[in-house]
Every structure is written in C-alpha cells, then in structure tokens.
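Below are the chains, spelled out letter by letter.
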Amino acid sequence: MLGWRARIHGVLQYTLKYLFYKLCSEQTHTLLCVRVKRKDDETQLQSGKNKCIIGTSDSRATLLTVHFRFPSREEVCVEFRMSFENAEAYLEGNQYSKVVTKTLINEFYDWFGWKKDGKDSILDIGSGPGNAFYETLYSRLPENFSRIVLSDISKPMVELQKKVFQGIDRVSSEILDIGSPIDENLSKKLGTFDHVTSFFCLMFVKDQQLAMDNIYKLLKPGGDCFHVIAINSPIFDTAIAVYEKPRWKDYCTGWQDFFVLPYRKLNEAQVKEKAFNFMKQAGFSNLKAEIRYDSFVFSSDEAKEKNLRVMPTNFSRKVTPEEEEEFFQDRLQYFDQFALGNYRDNTGKIDQPNSLLILYGKKPE
C-alpha cells in the first residue's frame with residue numbers, strides 16, 4: 001500500500017498538471033515552471049517564453065506545510081493599478097527618463113546645497129529599478145558621501161534597486177509611499193537627509209500637500225529638495241484618451257487616483273504658483289522653479305512600444321491577456337495620433353513634445 005506521503009505527492013502532481021494545462025489554455029504567453037521533488041523523482045513542466053513561478057515543494061520538508069498558488073487576475077489588476085509592478089520590463093523601457101534625468105542634473109547640479117566635505121546624505125523618492133539614479137546623480141557624487149536611500153512604492157522595484165547597487169556600501173532601499181502618512185517606525189529607520197530628490201514620480205501622487213509635508217520632515221534643517229515633475233506629455237494624453245474610451249471605461253474606473261497629473265494643462269505661471277503654494281505650506285523657503293520643454297525621442301518603433309508597455313495600467317476589473325493586448329494596441333494608436341506635425345525625421349526617430357517642472361526648495365536652518 002502506498003504511504004501517505006506518496007499519495008499526497010501523486011495528488012499534488014496530478015493537480016499541478018491539471019492547473020498547468022488549464023492555465024496554458026487560457027494564457028498563451030505564460031511560462032509556468034513547477035518543480036515537485038522527492039528523493040527518487042523530479043518533475044518539471046514548462047511552456048511559453050515568459051515565466052510565472054508559482055512555488056516549489058520538497059519531500060525532505062513536511063508536505064503538510066507545502067503550498068503553491070497562481071496569482072489571481074484580481075491581484076494582477078491591483079498590482080497594475082498601484083504602481084509600475086513590471087519592474088524587469090521597466091528596467092529596459094525607461095531609457096527616456098535616464099537621458100533626461102542626466103541632462104537636468106548636469107544643468108541644475110549647482111542648485112543643490114552640497115556639503116563642502118562631500119559627506120552628503122540623499123533620499124531618492126520613486127527610484128523605480130534604481131538604474132536611472134545609478135547612471136545619473138550617483139555617478140556625480142563624491143566617494144565619501146554619507147549615505148543614499150533609494151525608495152519606491154513598489155516592492156519589485158525595491159528588489160531591483162538592491163540588485164543594481166549590490167556590493168556598494170552606504171546605499172540601501174526602502175518601500176516608501178510618499179503620498180501617505182509615514183509611520184513612526186519607518187520615520188525612525190529612515191532618519192533625515194541633506195537632500196531629497198525625485199524624478200518623474202510626484203505627478204502620480206494624489207495628495208501633493210502630504211507629499212511635500214513628508215519631504216519636509218525627512219530633511220535636516222538646512223537640507224534641500226529637488227524634483228523633476230512631468231506637466232504635459234503625449235504619454236498622459238494617450239493614457240487618458242484610452243481610459244475614457246467607451247470600450248474601456250468599465251475596466252479603468254478610478255484612473256484619476258493614479259494619473260493625478262496636478263499641473264496638466266496649466267500655463268507656466270499657474271504651474272509655478274501651484275507648486276510654490278504646496279511647498280510654502282509645507283514650510284520650504286528659497287523656492288526655485290523652471291519649466292523645460294523636452295521630447296520623447298525613440299530610436300525605433302520597437303523602442304517606442306517598449307516604453308508604452310511599461311507605463312502603468314490601472315485596470316479596475318479582471319482582464320484577459322487578449323484584452324490587455326487590445327488595450328495596448330489602442331494606447332499605441334492614440335500615441336501616434338497625438339503626434340504634432342511630421343514627428344519622424346530623416347533618421348526615422350520618433351520625436352514627441354513633453355514639458356517638465358524642475359522644482360527646488362530648502363528647509364530653513
């Protein structure tokens with residue numbers, strides 16, 4: 001008679017196979033890798049090219065504690081709605097933000113109140129996978145900087161930050177929602193900083209005043225903050241046009257809570273006035289603001305599609321892979337429609353207009 005462990009193993013193996021075939025029939029672009037280990041047996045199932053790891057089991061551990069699960073469509077929708085959860089894809093698709101961030105840091109580097117001894121501490125908000133910060137501001141810091149803390153609301157992004165800065169002393173990463181109250185434990189863990197920076201982050205924060213209040217509290221007396229905030233962009237126009245399309249209205253309820261875009265469609269004077277009001281109320285002084293007009297420049301259609309695919313999609317209900325691809329194709333179509341004039345030059349590059357707010361403030365000593 002088979003032992004109870006063998007029986008459970010057989011049932012588990014059959015169940016995994018059933019779920020595997022069922023999943024593959026529903027999602028044609030999924031790679032499922034399941035390993036069920038025993039002393040004398042090992043099974044591995046796989047299909048497709050993108051991986052979805054659902055768990056492992058090992059007979060050397062008690063089988064009663066083994067668990068596995070497929071992420072539900074509802075969970076996937078929540079992840080898309082909350083942040084840039086597809087961290088690996090975003091790592092490849094954020095070339096624009098890296099290039100622009102480097103240009104702006106070079107231009108406005110002297111705005112920062114850098115310490116004479118070089119022992120500055122920096123908190124970066126909404127760091128994404130961390131590669132943009134690594135290739136831009138980090139490369140300009142003196143070797144004896146005090147500490148750097150990268151942060152993001154997304155756990156997958158924070159995990160990527162740790163990989164990007166692996167082996168580098170005095171650099172750490174934290175999960176941080178700058179638009180929500182910061183609890184006492186996290187506040188003590190973070191401490192205060194000489195500088196707080198954010199690049200292409202704050203336009204997604206619903207409570208702008210709370211964000212500025214939090215940034216103020218995270219600064220040392222005499223510390224300063226530097227932010228790059230997108231004002232208008234064909235990316236935003238595209239996203240909103242698709243969200244408001246009758247086909248997707250029921251799929252994207254509440255998108256305004258994510259695509260906050262507090263300065264969209266304001267003129268330069270209105271943008272600066274609104275930003276300064278948030279900062280003054282938080283307590284900042286020595287305020288500075290500049291508006292820069294830049295462009296999305298993609299080397300090819302493939303580069304454009306990569307960028308559009310990694311932008312957040314705030315689905316509020318279940319979607320199939322086919323619906324998600326249809327949604328993306330609509331996004332792609334609208335993006336091309338928002339081109340102003342002939343946006344392809346002789347090299348075939350794609351050039352789209354974009355406006356940015358560069359914002360600075362200092363905490364009084």
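Keep in mind the model is a prediction, meaning the values are calculated, not measured.

1. Here we look at the nonpolar core
Part 1 of the reasoning: In terms of nonpolar packing, the biggest core is built from 82 residues, with Ile178, Ile215, Phe259, Leu356, Leu357 and Leu359 touching the most fellow members.
Part 2 of the reasoning: Among the elements that line this core, the one with the most residues is strand S8 (residues 219–232), at 7 residues.
Part 3 of the reasoning: Ignoring anything within four residues of it in the chain, the contact list for Leu356 reads Tyr96, Val100, Leu104, Phe200, Val228, Ile229, Ala230, Ile231, Glu290, Ile291, Arg292 and Asp294.

2. Re the side chain of Ser355
Part 1 of the reasoning: Mapped onto the secondary structure, Ser355 falls in strand S10 (residues 350–362).
Part 2 of the reasoning: For Ser355, a relative accessible area of 7% puts it in the buried group.
Part 3 of the reasoning: When sequence neighbours within four positions are dropped, the list of residues in contact with Ser355 reads Ile229, Ala230, Ile231, Asn232, Arg292 and Tyr293.

3. Here's the deal with the packing of helix H9 (residues 234–243) against helix H12 (residues 321–337)
Part 1 of the reasoning: With their axes 9 Å apart at the nearest point, H9 and H12 run at an angle of 130° to one another. One element, H9, and the other, H12, form an angle in the oblique class. In the crossing of H9 with H12, the sense of the turn from one axis to the other is right-handed. Contacts from Pro234, Ile235, Thr238, Ala241, Val242 and Tyr243 in H9 reach Phe327, Asp330, Arg331, Tyr334 and Phe335 in H12.

4. With respect to the pairing of strand S4 (residues 121–125)
Part 1 of the reasoning: Along S4, 5 of the 5 residues are buried, which leaves the element largely enclosed by surrounding structure.
Part 2 of the reasoning: Where burial is concerned, the two faces of S4 agree: the one with Ser121, Leu123 and Ile125 and the one with Ile122 and Asp124 are both buried.

5. Description of H12
Part 1 of the reasoning: The terminal C-alpha atoms of H12 lie 25 Å apart, and with 17 residues this matches the ideal 24 Å at 1.5 Å per residue to within 8%.
Part 2 of the reasoning: Every buried residue belonging to H12 is among Glu323, Phe327, Phe328, Asp330, Arg331, Leu332 and Phe335, and all of these are buried.

6. A few points about the packing of aromatic side chains
Part 1 of the reasoning: Enumeration according to the criterion identifies 25 aromatic pairs in this entry.
Part 2 of the reasoning: Summarising the aromatic geometry, the rings of Phe199 and Phe226 are spaced 6.1 Å apart at their centres and angled 55° between planes, so their arrangement reads as tilted. Taken together, the residues Phe199 in strand S7 (residues 193–199) and Phe226 in strand S8 connect sequence positions 27 residues apart.
Part 3 of the reasoning: Note on Phe199: relative accessible area 11%, which makes it buried.
Part 4 of the reasoning: Overall, Phe226 belongs to the buried group, its relative accessible area being 0%.
Part 5 of the reasoning: By the ring-pair criterion, three or more aromatic residues cluster together here, those being Phe204, Phe236, Tyr243, Trp248, Tyr251, Trp255, Phe258, Phe259 and Phe327.

7. Remarks on the confidence of the model for the chain
Part 1 of the reasoning: Averaged over the chain, the pLDDT score is 76; the fraction of residues at 70 or greater is 68%.
Part 2 of the reasoning: Low pLDDT, under 50, characterises residues 340–346; the stretch is placed with 11 contacts to residues that sit more than four places away or in other chains.

8. Focus on the side chain of His227
Part 1 of the reasoning: Within the element layout of this structure, His227 appears in strand S8.
Part 2 of the reasoning: Relative accessible area serves as the criterion here: at 0%, His227 is assigned to the buried category.
Part 3 of the reasoning: Apart from the residues lying within four places of it in its own chain, the contact partners of His227 are Val196, Thr197, Ser198, Leu202, Met212, Ile215, Leu357, Ile358 and Leu359.

9. Overview of unusual backbone geometry
Part 1 of the reasoning: In this model, Arg170 sits at a positive phi of 65°, which is unusual for a non-glycine residue.
Part 2 of the reasoning: By secondary structure assignment, the location of Arg170 is in the loop between helix H6 (155–164) and strand S6 (171–175).
Part 3 of the reasoning: A positive phi angle is found at Phe200, which is not glycine, with a value near 60°.
Part 4 of the reasoning: Inspection of the secondary structure puts Phe200 in the loop between S7 and helix H8 (208–217).
Part 5 of the reasoning: When its relative accessible area of 15% is taken as the criterion, Phe200 is described as buried.

10. Topic: the pattern of salt bridges
Part 1 of the reasoning: Inspection of every chain in the model, using the stated rule, returns 11 salt bridges.
Part 2 of the reasoning: Residue Glu135 pairs with Lys98 through a salt bridge whose shortest N-O separation is 3.4 Å. Residue Glu135 is found in helix H5 (residues 131–135), and its partner Lys98 is found in helix H4 (residues 95–108); the two are separated by 37 residues along the sequence.
Part 3 of the reasoning: Given the relative accessible area of 40%, Glu135 is considered partly exposed.
Part 4 of the reasoning: Here Arg292 ties to Glu290 by a salt bridge, and the two come within 3.6 Å at their closest N and O atoms.
Part 5 of the reasoning: Overall, Arg292 belongs to the partly exposed group, its relative accessible area being 25%.

Conventions used here
- Residues numbered from 1 in each chain as written.
- Predicted model: local features only at pLDDT ≥ 70, side-chain atom pairs only at ≥ 80, totals over all residues.
- Heavy atoms only, no water.
- Core = buried A, V, L, I, M, F, W, Y, C linked by side-chain atoms within 4.5 Å.
- Buried < 20%, exposed > 50% of the residue type's maximum accessible area, 1.4 Å probe, protein only.
- Helix = DSSP H or I, 4+ residues; strand = E, 2+ residues; numbered from the N terminus.
- Contact = heavy atoms within 4.5 Å.
- Axes fitted to C-alpha atoms, helices over the stretch in contact; angles between N-to-C directions.
- Parallel < 35°, antiparallel > 145°, perpendicular 65-115°, else oblique.
- Left-handed = near helix turned anticlockwise from the far one by under 90°.
- Expected span 1.5 Å × (residues − 1).
- Phe/Tyr/Trp six-rings, centres within 6.5 Å; stacked < 30°, edge-to-face > 60°.
- pLDDT = per-residue confidence, 0-100.
- Salt bridge = Lys/Arg side-chain N within 4 Å of Asp/Glu carboxyl O.

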